Amino acid sequence: MTLTAAPGVRLAGRDTSAWAFNGTCPGPTLRVRPGDALRARLINHIDQPTNLHTHGLHVSPHGNSDNPFVAIEPGDSFDYAIAVPSDHPAGTFWYHPHHHGTVADQIFAGLAGVLLVEGGPDLDLPVTADLVLLVTDTTLDGVGRVAAPNMVARMMGREGELVLVNGQHQPVITAAPGAVQRWRVVNGCVSRVLALRLERHRLTQVALDGVFLPVPADRDQVVLAPGNRADLLVRPTRGGRYALVSEPYDRGSLGMMDGGPSVGGPVTLATLVVSGAVTASAALPARLPAPSVPSDSGSRRRQITFAMGMGGMGMGGGMAFTIDGRTFDPGRDDQTVALDTVEEWTVVNTSPMDHAFHLHAWPFHVLTGAPAAGVLQDVVLVPARGSVRLRIPFTDYPGRSVYHCHVLDHEDLGMMATVNVRP
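What counts and what doesn't
The residue numbers shown here count from 1 along each chain, following its written sequence. Selection of residues for local features in this predicted model requires a pLDDT of at least 70, selection of side-chain atom pairs for listing and counting requires 80 or more, and totals for whole chains, interfaces and linings are taken over all residues. Hydrogens and waters are ignored; side-chain quantities use all the structure's heavy atoms. Only DSSP runs of H or I with at least four residues qualify as helices, and only runs of E with at least two residues qualify as strands; both kinds are numbered from the N terminus onward. Just to be clear, the radius of gyration here is over C-alpha atoms, and the globule rule we use is 2.2 Å times residues to the power 0.38. Buried, partly exposed and exposed residues are distinguished by accessible area as a fraction of the type maximum, computed with a 1.4 Å probe on protein chains only: under 20%, between the cut-offs, and over 50%, respectively. We call two residues in contact when some of their heavy atoms are within 4.5 Å. Accessible areas in this description were obtained via Shrake-Rupley with a 1.4 Å probe; residue shielding takes into account the shown protein chains only. Only four residue types enter the charge count: Lys and Arg as positive, Asp and Glu as negative, with His and the chain ends excluded. Just so you know, the charge point we use is NZ for Lys, CZ for Arg, CG for Asp and CD for Glu. Pairing of aromatic side chains here covers Phe, Tyr and the six-membered ring of Trp, requires ring centres within 6.5 Å, and sorts the geometry by plane angle: under 30 degrees stacked, over 60 edge-to-face, intermediate tilted. What makes a nonpolar core is a set of buried Ala, Val, Leu, Ile, Met, Phe, Trp, Tyr and Cys residues whose side-chain atoms join them at distances within 4.5 Å.

Q: Which residues make up the overall build of the protein, and what values go with them?
A: For the protein, the count of helices and strands is three helices and 30 strands. Its C-alpha radius of gyration of 20 Å places the protein within 12% of the 22 Å reference for a compact globule of 423 residues. Along the three orthogonal principal directions, the C-alpha set of the protein runs to about 60 × 55 × 45 Å. Expressed as a percentage of its 423 residues, the buried residues of the protein come to 59%. Within the protein, contacts between residues at least 6 apart in sequence are counted, and of these 76% link residues at least 24 apart. Of the roughly 15,700 Å² of accessible surface on the protein, a fraction of 51% belongs to carbon and sulfur atoms. Between the centroid of the 32 positive side chains of the protein and the centroid of its 39 negative side chains there is a distance of 4 Å.

Q: If you had to explain the packing of aromatic side chains to someone new, which residues and values would you point to?
A: Taken as a whole, this structure holds nine aromatic pairs when the rule is applied. Considering the side-chain rings of Trp 345 and Tyr 403, the 5.3 Å spacing of their centres and the 70° angle between planes classify their relative orientation as edge-to-face. Of this pair, Trp 345 sits in strand E23 (residues 341-349) while Tyr 403 sits in strand E29 (residues 399-405), and the two are 58 residues apart along the sequence. Summarising the burial analysis for this pair, Trp 345 and Tyr 403 share the class buried. When the centroid spacing of 5.5 Å and the interplanar angle of 55° are considered together, the rings of Trp 362 and Phe 394 count as tilted.

Q: Any details on the environment of Gly 331? Residues and values, ideally.
A: For Gly 331, the position within the fold is in the loop between strand E21 (319-323) and strand E22 (335-338). Between the C-alpha atoms of Gly 331 and Gly 227, which are 104 residues apart in sequence, the distance is 25 Å.

Q: Give me the lowdown on the nonpolar core, citing residues and values where you can.
A: Nonpolar side chains tend toward joint burial in soluble globular proteins. Among the nonpolar cores identified, the biggest contains 34 residues, and Phe 357, Leu 359, Trp 362, Leu 390, Phe 394 and Tyr 403 are the most heavily contacted of them. Of the residues forming this core, the biggest block, four residues, is contributed by strand E28 (residues 387-394). In this structure, Tyr 403 is in contact with Ile 304, Ile 323, Asp 334, Gln 335, Trp 345, Phe 357, His 358, Leu 359, Met 416, Ala 417, Thr 418 and Val 419, ignoring residues within four places of it in sequence. Judged by nonpolar contacts, the second largest core, of 28 residues, contains Ala 175, Val 185, Leu 213 and Leu 272.

As structure tokens, then:
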């Protein structure tokens, strides 16, 4: 298939000069099965270098696979061939650009799409509808151009004035009473944390970051860091209109730079409209096929420190965004890991803001510091002046890749590092 990144897309019912894959935001939904090869030619018709990251897939980071070091210049193209392993979990993933220094700009401008792994070790859930809800945000000026953030917005991590679901502003989702729907929610925002709540309903979460939980979990609120995905089951019991809302979430502050935290009000993402005759549906399974947490026997332990401080020389002006005291250098190996070993990393956040840790190619188990501890995932919020502990199986694939803050302005400002997995 061909993916063309170019200006010109319809957002929230208006024509804009924002960017899109194949003229739509989100871009086309890519569907693969375990054992498939995802072959895609990416053509760059924007005015910045770009590339493609298949976020969350456990695939090779080498060559023309999920390689974050590829740079496709304006007017050029690149042929990707990404082999999906035969035992890859079926689930909800996504794709977006990952050229360092421009990631936040390109996603904020609209370059994102959903990637579903279907079949294989999946579970046939008793649902009447299977919906993808890619949440993005942006800010448009009066003539439909994407607004550039100021310095403080970059340092905080920009949040757009316009929050969209599948490129639409507050769309309507229809359902019959009693019918169970599966909502695959993707947080495709640059910096915004989604704290999801559905009016007068509990949300039954069955998966996080494309991987099933051990058991269905009923929640009043589901919190998703930028890059996280949640598969939610919704069963409305009576007719009516119910708002899907993202509640205010305090991500922290820049300290003396901005005078303290800035938290907006609730944002309505979509409206569930329930009408018609009551529909009977089957019961949910009591257990789900979650992967087991690997043993810590022989694990090497490392500490990774996310920090912010004065003295930066990049786009952030006087603020430095570092990992272990250094900003990103693609030519440097920050961590060297032996292939087919399990490591335990403690990610420490010394800053007054939350950061979202993301590791490419090798999903990890969160052992502490998260509501779904033990679940295999690929993004986790590290709270301000807090830490999380991860167990990472560096299995199957050698090669160099990256880990970083998925508040993408922070990544572009230097909060990214490399890992080299060697046989």
